[in-house]
Amino acid sequence: MSIPSPGPEITYAECRQCGTLIAGLDGRYSCGVCGWVNHHSEGHGPLPRAEEDIDHAAGAAAGNRLS
């Protein structure tokens, strides 16, 4: 039996632009007050690939588009 990964961690920081306390996932933040966003590479780990998403439909990307 394998242990499932714990999933993303909720992290907190101050917005670098306006100082508001903000929450994010694994060190990736977006401020709802002023719109500041940190670069994705500043997160605590690599972003998952689409193929790692359990809801990802392999090869069906064109079928997921809105017309």
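To keep things clear, this report deals only with the structure shown in the data block.

Focus on the pattern of salt bridges
In a structure, side chains of opposite charge can pair up when their charged atoms sit close to one another.
Next, step 1: Counted under the stated rule, the structure contains two salt bridges.
Next, step 2: Among the salt bridges present, the one from arginine 16 reaches glutamate 42, with a minimum N-O distance of 2.5 Å. With arginine 16 in the loop between β1 (10-14) and β2 (21-25) and glutamate 42 in the segment after β2, the pair connects residues that are 26 residues apart, well separated along the chain.
Next, step 3: According to the relative accessible area criterion, arginine 16 is exposed, its value standing at 57%.
Next, step 4: Note that glutamate 51 and arginine 49 form a salt bridge whose closest N and O atoms lie 3.4 Å from each other. We note that glutamate 51, like arginine 49, is exposed.

Some details on the pairing of β1
Next, step 1: As paired elements, β1 and β2 share five bridges and run antiparallel to each other. Along β2, the bridge assignment pairs alanine 13 with isoleucine 22.

Some thoughts on the nonpolar core
The tendency in soluble globular proteins is for nonpolar side chains to be buried as a group.
Next, step 1: Of all hydrophobic cores here, the largest spans five residues; its members are Cys15, Ile22, Tyr29, Cys31 and Trp36.
Next, step 2: Setting aside anything within four residues of it in sequence, one finds cysteine 15 in contact with Thr20, Ile22, Cys31, Cys34 and Trp36.

Some details on the layout of surface pockets
Next, step 1: Taken as a whole, the largest pocket encloses approximately 210 Å³ of empty space.
Next, step 2: Lining the largest pocket are Gly7, Pro8, Leu25, Asp26, Arg28, His44, Gly45, Pro46, Leu47 and Pro48.
Next, step 3: Split into classes, the residues belonging to the lining of the largest pocket amount to five nonpolar, three polar and two charged.

Let's talk about a nonpolar patch on the surface
Next, step 1: A contiguous nonpolar surface patch, about 470 Å² in accessible area, is contributed by Ile10, Tyr12, Leu21 and Leu25.
Next, step 2: Put simply, the parts of the chain that give the nonpolar patch at least two residues each are β1 and β2.
Next, step 3: One can find leucine 21 in strand β2.
Next, step 4: The exposed category is assigned to leucine 21, whose relative accessible area is 62%.

Remarks on the state of the cysteines
Covalently bonding the sulfur atom of one cysteine to the sulfur atom of another cysteine gives a disulfide.
Next, step 1: Inspection of the entire model under this criterion finds zero disulfides.
Next, step 2: Cysteine cysteine 15 remains unbridged, with the sulfur of cysteine 34 as its closest cysteine sulfur at 3.6 Å.
Next, step 3: Cysteine cysteine 18 shares no disulfide, and the gap to the nearest cysteine sulfur, in cysteine 31, comes to 3.8 Å.
Next, step 4: Take cysteine 18: its relative accessible area is 37%, and that puts it in the partly exposed class.

Conventions used here
Residues numbered from 1 in each chain as written. Predicted model: local features only at pLDDT ≥ 70, side-chain atom pairs only at ≥ 80, totals over all residues. Heavy atoms only, no water. Salt bridge = Lys/Arg side-chain N within 4 Å of Asp/Glu carboxyl O. Helix = DSSP H or I, 4+ residues; strand = E, 2+ residues; numbered from the N terminus. Buried < 20%, exposed > 50% of the residue type's maximum accessible area, 1.4 Å probe, protein only. Pairing = 2+ DSSP bridges. Core = buried A, V, L, I, M, F, W, Y, C linked by side-chain atoms within 4.5 Å. Contact = heavy atoms within 4.5 Å. 1 Å grid on protein atoms, 1.4 Å probe; cavity = no way out; pocket = protein on both sides within 12 Å on 5 of 7 lines; lining within 4 Å. Points joined across faces, edges and corners; volume = space filled by probe spheres on them. Nonpolar A, V, L, I, M, F, W, Y, C, P; charged D, E, K, R; others polar. Patch = residues over 30% accessible without salt bridge, like charges linked within 9 Å, V, L, I, M, F, W, Y side chains within 5 Å. Areas by Shrake-Rupley, 256 points an atom, 1.4 Å probe, with all protein chains shown as cover. Disulfide = S-S within 2.5 Å.

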